[in-house]
Amino acid sequence: MSSESDSQSPARPTEAVSLSVNGEDLSATVEPRLKLSDFLREECGQRGVRVGCEHGVCGACTVLVDGEAVKSCLRYAVQVDGSDVTTVEGLTEEGDLHPIQEAFHQEHALQCGFCTSGFVLATKELLDREPDPDRETIEKGLADNICRCTGYQNIYDAVDRAAADLADAPNEDRTDGATEPGADRGGDD
């Protein structure tokens, strides 16, 4: 085999993407087949995005895309062009844990920690949508995430605690400063 054939192989196609990751605007040129999970981990350094099953079953790779929990192993980076992506690293503010992260810590809702970032972001979406969920709503809201180490009791307790803590917190903790219709819990404004 000659190296001549290697040098004449066609260039792989690429596409430009522009998006916001944890509030930072960025642009990149990527192969259309690059998974969002790989883009976030390798190109953006967001190591909280875990890659578990790579089939969308475990939920370890869950991130928020425009506020919606999605499995980043099932999306391509080019599919989120123009979107706002939040990883677990984007929840902290000036080194302080987000109330959901703090609740997971306080309730011991983790063991090995591999699935935790996915659960935290699924919880964020759930509580943004349903600020005071009952246990059935919590179970359904987290059903797309799997933990192989814990019984789910502590995770559900963490969601209960986070909901209570967020109810007492300023609105910024729930919506990251976004002003969404219905994001306000109502009341005396």
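Cut-offs applied
- Residues numbered from 1 in each chain as written.
- Predicted model: local features only at pLDDT ≥ 70, side-chain atom pairs only at ≥ 80, totals over all residues.
- Heavy atoms only, no water.
- Helix = DSSP H or I, 4+ residues; strand = E, 2+ residues; numbered from the N terminus.
- Buried < 20%, exposed > 50% of the residue type's maximum accessible area, 1.4 Å probe, protein only.
- Areas by Shrake-Rupley, 256 points an atom, 1.4 Å probe, with all protein chains shown as cover.
- Phe/Tyr/Trp six-rings, centres within 6.5 Å; stacked < 30°, edge-to-face > 60°.
- Pairing = 2+ DSSP bridges.
- Axes fitted to C-alpha atoms, helices over the stretch in contact; angles between N-to-C directions.
- Parallel < 35°, antiparallel > 145°, perpendicular 65-115°, else oblique.
- Left-handed = near helix turned anticlockwise from the far one by under 90°.
- Contact = heavy atoms within 4.5 Å.
- Nonpolar A, V, L, I, M, F, W, Y, C, P; charged D, E, K, R; others polar.
- pLDDT = per-residue confidence, 0-100.
- Salt bridge = Lys/Arg side-chain N within 4 Å of Asp/Glu carboxyl O.
- Expected span 1.5 Å × (residues − 1).

## Thoughts on the overall build of the chain
- In terms of helices and strands, the chain carries 7 helices and 5 strands.
- Put simply, the chain runs from its N terminus to its C terminus through helices and strands in the order α-β-β-α-β-β-β-α-α-α-α-α.
- Counting every position in the chain, which comprises 189 residues, the buried fraction comes to 38%.
- Per element, the accessible surface of the chain, about 10,600 Å² overall, is 43% carbon and sulfur.

## A short note on the packing of aromatic side chains
- What the rule picks out here adds up to 2 aromatic pairs.
- Note on Tyr152 and Tyr156: the rings are 6.1 Å apart at their centroids and 25 degrees apart in plane angle, and the pair reads as stacked.
- Judged by relative accessible area, Tyr152 falls into the partly exposed class, the value being 27%.
- Take Tyr156: its relative accessible area is 14%, and that puts it in the buried class.
- Joined through ring pairs, the aromatic side chains of Phe119, Tyr152 and Tyr156 make up one cluster.

## Comments concerning the pairing of strand S2 (residues 24-30)
- Taken together, the 7 bridges between strand S1 (residues 15-21) and S2 define a ladder with antiparallel strand orientation. Following the sheet pairing, Ser18 is matched in S2 by Ser27.
- Counted between consecutive antiparallel strands, the loop separating S1 from S2 contains 2 residues, among which Asn22 sits at a positive phi close to 55 degrees.

## Comments concerning the packing of helix H3 (residues 99-106) against helix H6 (residues 153-168)
- At a closest axis distance of 8 Å, the pairing of H3 and H6 adopts a crossing angle of 140 degrees. When the interaxial angle is binned, H3 and H6 end up oblique. Here H3 and H6 pass one another in a crossing that is right-handed. Along the contact surface, H3 presents Pro99, Ile100, Ala103, Phe104 and Gln106, while H6 presents Ile155, Ala158, Arg161, Ala162, Asp165 and Leu166.
- Along the lines of polarity and charge, the residues of the contact of H3 with H6 split into 8 nonpolar, 1 polar and 2 charged.

## Section: the sheet that holds strand S5 (residues 84-86)
- Taken together, 5 strands build an open sheet; the order of strands is S2-S1-S5-S3-S4 and the sheet is mixed. Bordering the open sheet on either side are S2 and strand S4 (68-71), each of which pairs with just one other strand. This sheet shows a mean twist of 40 degrees between the axes of neighbouring strands, independent of strand direction.
- Taken strand by strand, helix H4 (residues 116-129) contacts strand S3 (62-65), S4 and S5, and its axis lies near 35 degrees from that of S3.

## So, the confidence of the model for the chain
- Here the chain averages 89 in pLDDT, and 86% of its residues register 70 or above.
- In this model, residues 176-189 is a region of pLDDT below 50 whose contacts with residues beyond four sequence positions or in other chains number 12 contacts.

## Brief notes about the pattern of salt bridges
- Enumeration according to the criterion identifies 10 salt bridges in this entry.
- Across the pair Asp157 and Arg135 runs a salt bridge, and its minimum N-O distance is 3.2 Å. Placement of Asp157 in helix H6 and of Arg135 in helix H5 (residues 135-141) is noted, with a sequence separation of 22 residues between them.
- Overall, the relative accessible area of 23% leaves Asp157 in the partly exposed class.
- Residue class for Arg135 comes out partly exposed when judged on its relative accessible area of 27%.
- The structure contains a network of salt bridges with shared partners spanning Arg12, Glu31 and Arg33.

## Thoughts on H4
- The end-to-end C-alpha distance of H4 is 20 Å, a good match for the 20 Å that 14 residues give at a rise of 1.5 Å each.
- Counted residue by residue, H4 has 12 buried out of 14 residues, so it is predominantly covered.
- Among the residues making up H4, those that are buried are Thr116, Ser117, Gly118, Phe119, Val120, Leu121, Ala122, Thr123, Lys124, Glu125, Leu126 and Leu127.

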